[in-house]
There are 2 protein chains.
Amino acid sequence: MDGRDGSASGVGDISAPGRVAGPDEGVSAQELALAARNHGLPLEALRYDVTPPGLHYVLVHYDIPDTTPDGWRLTVGGRVRRPLVLDPAALRALPSATHRVTLECAGNGRARLTPRPVSQPWLAEAVGTADWTGVPLAALLAETGITEDAVEVVFTGADHGVERGVEQDYRRSLPLATAADPARDVLVAYAMNGAPLPPQHGSPLRLVVPGWYGMAHVKWLTDITVTDTPYTGFQQSVAYRLRQAADDPGEPVTLIAPRALMVPPGFPDFMSRTRVVRPGPVTLVGRAWSGHGPVTRVEVSEDGGAVWTGAELLPDPAHPWAWTAWRATWTATPGLRHLTVRATDAAGHVQPLVAPWNRGGFANNLVQRVEVLCTAEPTAADPYAGDPHAAEPPPG
Amino acid sequence: MDGRDGSASGVGDISAPGRVAGPDEGVSAQELALAARNHGLPLEALRYDVTPPGLHYVLVHYDIPDTTPDGWRLTVGGRVRRPLVLDPAALRALPSATHRVTLECAGNGRARLTPRPVSQPWLAEAVGTADWTGVPLAALLAETGITEDAVEVVFTGADHGVERGVEQDYRRSLPLATAADPARDVLVAYAMNGAPLPPQHGSPLRLVVPGWYGMAHVKWLTDITVTDTPYTGFQQSVAYRLRQAADDPGEPVTLIAPRALMVPPGFPDFMSRTRVVRPGPVTLVGRAWSGHGPVTRVEVSEDGGAVWTGAELLPDPAHPWAWTAWRATWTATPGLRHLTVRATDAAGHVQPLVAPWNRGGFANNLVQRVEVLCTAEPTAADPYAGDPHAAEPPPG
């Protein structure tokens, strides 16, 4: 092997193990490259019930595959009596369902942890809500005749790459009890907000697993295999585990922990993103969600969490898998404020005031904090220019 | 003024002057917050002639305004004989034009500078190409009857915020010679790729200025004012200047400098983004563009820029404002390679091998470098799992 311009010669040399940043280590060039590729929901876009195209968060492990619906085949096999091969047109001909689903990346909040696990450096914005249309997975599996010994269903996507030295297609499993339960509303989706899936959201086919973090929603879906043993592949047993140490087997990441986010009020400073509001009543609005059940309480605080006030919930029973809107009135008085919001769900989970740390940086649902300057200062005109509207009316 | 939980009391306290990062300063939390909000083009999306929705780069100075076409008014006034007030429906009723335009942020490449100007930390991906439809600005201005003393046209957007202590609506000007020249194809656009503008791209109206960096393409356009003096507002005379020192007045940022980018070949490692290819011929493809004129040459190098080989250009005369596709064949041999690509335009500008530094980090068109490991290693199966496809066929 020719190493003339570098010593690397195997995949292991360019694919390092997972690590945690040092105490004074800023965000690295590698983390920045991931942040520039993938993107979150700009928080003002929480104003939309359904996230407009391009504002929904995107996380791609490797590359967006170069796919077209022509020639695409989805195979369904393993521990089934009647294996299937379906193209997107055949799926569209089957009975369909549409569900409004709030989807969140399991790594949301990772970059706010100390020490910081080195990976996609999400702050709080890796979320979005869409109307997904597709074939109910439970119906598809029923059609195949699952055998009695089946325990899991494994989903393979076309996204191909290397991760911590392991070359792989992206692949994840679900327990059969989730995959085959009609009430869980799992979809093999071919449309997002009424249009074909965009490339970055899994075109032409993806899995949608309401209530679960994003890693379960396998994109660019090529294969569904029913198995009689639990799946132990990389994305199941190495990645996406809640562990305190590298040798801890850890618990799997599954359902979305509760989170509330607010639309940052007023207007921002470009660089610091600190908000500016005028004194007086300010309507705070936002969204809250949990994979464990309905959100039952949202509270806001203007002092960083010492005193909490209940917000009004605006639930939408037609969309049980989507976030819930909330609203509160805050009376702003001059000074620098630290607005905080937290959600509680029907299972009794409350968002923490201290970040729950784990080595992968998963499920950090630490409360959002928004720095707001309330100032009575009048709006200054741009000192570098007269107002161009002040131009004299022209002659004639 | 009540400073009970912080000393900040005025906008200047939360809005710092521009600065350059220290020698060992990693990317800061503020830069990361901008990187998480705004997003680039994942480089594999260079494969599309027209960038699909959601993959085109987005840079928003303040917040995406909460706009709707209902009630929106565009005023056109200043040094004109017949001021206009138009709603989006009135604009749609006027003769329209559609232009395919490659748009790039002036700050693209900023995060690769040393020292690094602290702002939106783009690497190389702040680009995209779309079909924009709207009313030619030259026709609109002709309709108003510009007076003889006019020199510039000032454009105001609804994006409101603070930047380096200055509260402002985003506002920029163009020389009249650019704004009123039909051959420059400037548009007041209301559609992107045949659909109404998405919120993050300026809904319901924006300016499109082919060949100019993104700062000129004012989004959420509310006002066009013709002036008889050069505009000296913040975004014109403070931001978007090429200066070596803070007190240097600098030259304005205008036309896009030439750049070529390649679709990174093979497949990536998740974290390092280093590519993996097998030995043998590899087709390299990508795009190249310049605001100064057509791209006349694209060259690739496998050794970081010591030896260059010409690529094939695939120009599309129907779309003179859009990027040009290019293609080259590279014979990969085992080892770690550093692919590089550079463009030359008709005005004789060649992409540099050393980054052109300025205090704002604008127009850094340093050549792209892509690290590629060529290895003959067979693809290893995921060692953590048997192939789920290997499940035995079920009984019966």
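All figures in this text were calculated on a predicted structure; none of them were measured in a lab.

Q: Can you help me understand helix α3 (residues 137–144) of chain A in this one?
A: For the α-helix, the turn length of 3.6 residues means that residues three or four positions removed from each other point alike. All names here are of chain A. Those residues of α3 lying buried are Leu137, Ala138, Leu140, Leu141 and Thr144. Looking down the long axis of α3, one finds its buried residues gathered within 160 degrees of arc, a one-sided arrangement. Residues of α3 that are exposed and angled more than 90 degrees away from the buried face: Ala142 and Glu143. Remark: Gly145 follows α3 within two positions and exhibits a positive phi of approximately 70 degrees.

Q: What should I look at first to understand the sheet that holds strand β6 (residues 166–175) of chain A in this one?
A: In a beta sheet, neighbouring strands are held together by backbone hydrogen bonds and run either parallel or antiparallel to one another. Residue and element names in this part refer to chain A. Spatial ordering of the open sheet is given by β2-β1-β10-β5-β6, a layout of five strands whose pairing is mixed. For this open sheet the edge positions go to β2 (84–86) and β6, each flanked by a neighbour on one side alone. In this sheet, neighbouring strand axes are inclined to one another by 20 degrees on average, regardless of whether the strands run parallel or antiparallel. Note: strand β1 (residues 74–78) against β2, three bridges, orientation antiparallel. Among the inter-strand pairings, Thr75 is bridged to a residue of β2, identified as Val85.

Q: Help me understand the sheet that holds strand β10 (residues 221–227) of chain B in this model?
A: Residues and elements named next belong to chain B. Taking strand neighbours across the sheet as the criterion, the five strands line up as β2-β1-β10-β5-β6 in an open arrangement whose pairing is mixed. In this open sheet, the two strands that pair with only one neighbour each are β2 (84–86) and β6 (166–175). Between one strand axis and the next, the sheet turns through 20 degrees on average, direction left out of account.

Q: What is the right way to read the side chain of A:His99 from this model?
A: For A:His99, the location among the structural elements is in strand β3 (residues 97–104). Each residue touching A:His99, except ones within four places of it in the same chain, is listed here: A:Ala130, A:Asp131, A:Trp132, A:Asp185 and A:Leu187.

Q: Just to check I follow, could you spell out the interface of chain B and chain A for this structure?
A: Size of an interface, as often reported, equals the accessible area lost when the parts are brought together. Each side of the interface is counted separately: chain B has 113 residues, and chain A has 113 residues. On the surface where chain B and chain A come into contact, there are 10 salt bridges. We note a salt bridge from B:Glu167 to A:Arg278, for which the minimum N-O separation is 3.0 Å. Summed over the shared surface of chain B and chain A, the number is 29 residue pairs in polar contact (both at pLDDT 80 or more).

The rules we used
Just so you know, the residues in each chain are numbered from 1, in the order the chain's sequence is written. Chains carry letters from A onward and ligands carry numbers from 1 onward, assigned in written order. The predicted origin of the model limits local features to residues at a pLDDT of at least 70 and limits the giving and counting of side-chain atom pairs to 80 or more, whereas totals for whole chains, interfaces and linings rest on all residues. The basis for every side-chain value is the complete set of heavy atoms in the structure, and neither hydrogens nor water enter the calculation. Classification of residues uses two cut-offs on accessible area relative to the type maximum, computed with a 1.4 Å probe and protein chains only: under 20% is buried, over 50% is exposed, and between them is partly exposed. Counting from the N terminus, the helices are DSSP H or I runs at least four residues long and the strands are E runs at least two residues long. Of all possible arcs, the one meant is that of the directions from the helix axis to the C-beta atoms. When DSSP finds at least two bridges between two strands, those strands are taken to pair. In this analysis, axes come from line fits to C-alpha atoms, helices being fitted only over the stretch in contact, and the angle between any two N-to-C directions falls in the range 0 to 180 degrees. The contact definition used throughout considers only heavy atoms, calling two residues in contact when any of these lie within 4.5 Å. The working definition used for a salt bridge is a side-chain nitrogen of Lys or Arg within 4 Å of a carboxyl oxygen of Asp or Glu. What qualifies as a polar contact is a pair of N or O atoms within 3.5 Å, subject to a donor-acceptor requirement within protein and to the restriction that residues adjacent in sequence count only when both atoms come from side chains.

Read these as layout, nothing more, since geometry by itself doesn't imply function.
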